[in-house]
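The chain contents come next:
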Amino acid sequence: MSRPVRPVRPVPRTYWVAGTAVLLALLFAAAATVAAANGGSGSAGSGSGTPARTETRTPGLRSPDAGFARDMAVHHQQAVEMSFIVRDRTQDEAVRTLAYDIANTQANQRGMMLGWLDLWGLPKVVADEPPMSWMGASGGHGGHGAHEAGAGSGALMPGMATREELDRLGAASGRDAEVLFLQLMTDHHKGGVTMAEGCAQQCETPVEKALAQGMVDAQRSELTLMADMLKQRGAAPRG
């Protein structure tokens with residue numbers, strides 16, 4: 001007696017887009033790790049079978065390379081924190097999947113950037129270094145979301161949520177938590193894209209530039225996904 005064939009359910013677009021974004025980011029991270037292990041920028045053959053010599057310069061204390069690694073490590077840590085908060089505030093599978101992807105990707109990238117600082121012999125915190133100073137005149141605090149609240153709000157870098165907003169997220173549940181998380185993470189990603197674009201343009205370490213561009217591509221993909229998810233919940237990104 002033959003068994004009935006069960007219909008194959010299509011994979012929801014939400015999971016496909018989220019999975020694509022996190023895979024893209026992790027592929028860039030893996031490539032950056034391999035390149036770093038091989039000595040930085042790698043070498044190209046000269047045509048005679050002898051690899052061309054390459055020189056890798058250790059970034060300086062206040063270089064864009066070091067500043068981006070320090071600032072983005074802090075920025076990523078908050079994304080991980082928000083993702084863990086919403087995971088416990090909703091049972092919605094799509095939001096929980098997205099939160100897991102963000103937490104997993106950004107925790108891995110954060111560890112990589114802190115590891116580079118160790119390899120470069122540079123501190124993870126510089127007491128007299130204002131956030132975003134490595135971006136020069138283009139850094140500032142203009143741009144997106146909560147950080148526009150100004151000094152004293154608890155926001156440090158583009159897109160970062162204030163302590164009050166994190167408390168609100170922790171107190172919300174169900175749809176309210178989902179919408180607030182998606183709005184806060186949208187602001188966060190927009191700020192992260194601005195920072196990563198700055199490194200892609202200014203950083204000199206090839207593997208770090210590649211990782212930064214990978215962040216830009218993956219987070220832009222997730223921004224599109226989160227806009228769709230907000231629309232499904234009758235909401236929209238914050239102005």
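Cut-offs used in this document
- Residues numbered from 1 in each chain as written.
- Predicted model: local features only at pLDDT ≥ 70, side-chain atom pairs only at ≥ 80, totals over all residues.
- Heavy atoms only, no water.
- Helix = DSSP H or I, 4+ residues; strand = E, 2+ residues; numbered from the N terminus.
- Buried < 20%, exposed > 50% of the residue type's maximum accessible area, 1.4 Å probe, protein only.
- Areas by Shrake-Rupley, 256 points an atom, 1.4 Å probe, with all protein chains shown as cover.
- Salt bridge = Lys/Arg side-chain N within 4 Å of Asp/Glu carboxyl O.
- Axes fitted to C-alpha atoms, helices over the stretch in contact; angles between N-to-C directions.
- Parallel < 35°, antiparallel > 145°, perpendicular 65-115°, else oblique.
- Left-handed = near helix turned anticlockwise from the far one by under 90°.
- Contact = heavy atoms within 4.5 Å.
- Core = buried A, V, L, I, M, F, W, Y, C linked by side-chain atoms within 4.5 Å.

## Some words on the overall build of the protein chain
And then number 1: Looking only at helices and strands, the protein chain has six helices and zero strands in total.
And then number 2: When the elements of the protein chain are put in sequence order from the N terminus, they spell out α-α-α-α-α-α.
And then number 3: Of all 239 residues assigned to the protein chain, the portion counted as buried reaches 44%.
And then number 4: In the structure as shown, the protein chain presents an accessible area of about 12300 Å², 55% of it carried by carbon and sulfur atoms.

## As for the pattern of salt bridges
And then number 1: Enumeration over the complete set of coordinates arrives at 12 salt bridges.
And then number 2: Of the charged contacts in the structure, one is a salt bridge between lysine 124 and aspartate 118, with a shortest N-O distance of 2.5 Å.
And then number 3: Here arginine 220 and glutamate 197 are joined by a salt bridge, their closest N and O atoms 2.3 Å apart. Placement of arginine 220 in helix H6 (residues 206–232) and of glutamate 197 in helix H5 (residues 174–202) is noted, with a sequence separation of 23 residues between them.

## Focus on the environment of leucine 211
And then number 1: Looking at the element boundaries, leucine 211 is found in helix H6.
And then number 2: Linking leucine 211 and alanine 196, residues 15 residues apart in sequence, is a C-alpha distance of 8.5 Å.

## With respect to the packing of helix H2 (residues 64–87) against H5
And then number 1: Taken N-terminus to C-terminus, the directions of H2 and H5 make an angle of 165 degrees; their axes are 10 Å apart at the nearest point. As summarised for this structure, H2 and H5 are arranged roughly antiparallel, according to the angle between their axes. Once H2 is placed against H5, the crossing between them reads as left-handed. Here H2 contributes Pro64, Phe68, Asp71, Met72, His75, Gln78, Ala79, Met82, Ser83 and Val86 to the contact with H5, which in turn contributes Ala177, Phe181, Leu184, Met185, His188, Gly191, Gly192, Met195, Ala196, Cys199 and Gln202.

## Remarks on the nonpolar core
And then number 1: Membership of the largest hydrophobic core comes to 51 residues, with the highest contact counts inside it found for Phe68, Met82, Leu98, Met113 and Phe181.
And then number 2: For this core, the secondary-structure elements that each account for two or more residues are H2, helix H3 (93–119), helix H4 (163–171), H5 and H6.
And then number 3: Considering every element that reaches this core, the biggest residue donor is H5, with 11 residues.
And then number 4: Contact partners of methionine 113, with chain neighbours within four places excluded, come to Phe68, Ala69, Met72, Ala73, His76, Leu211 and Met215.

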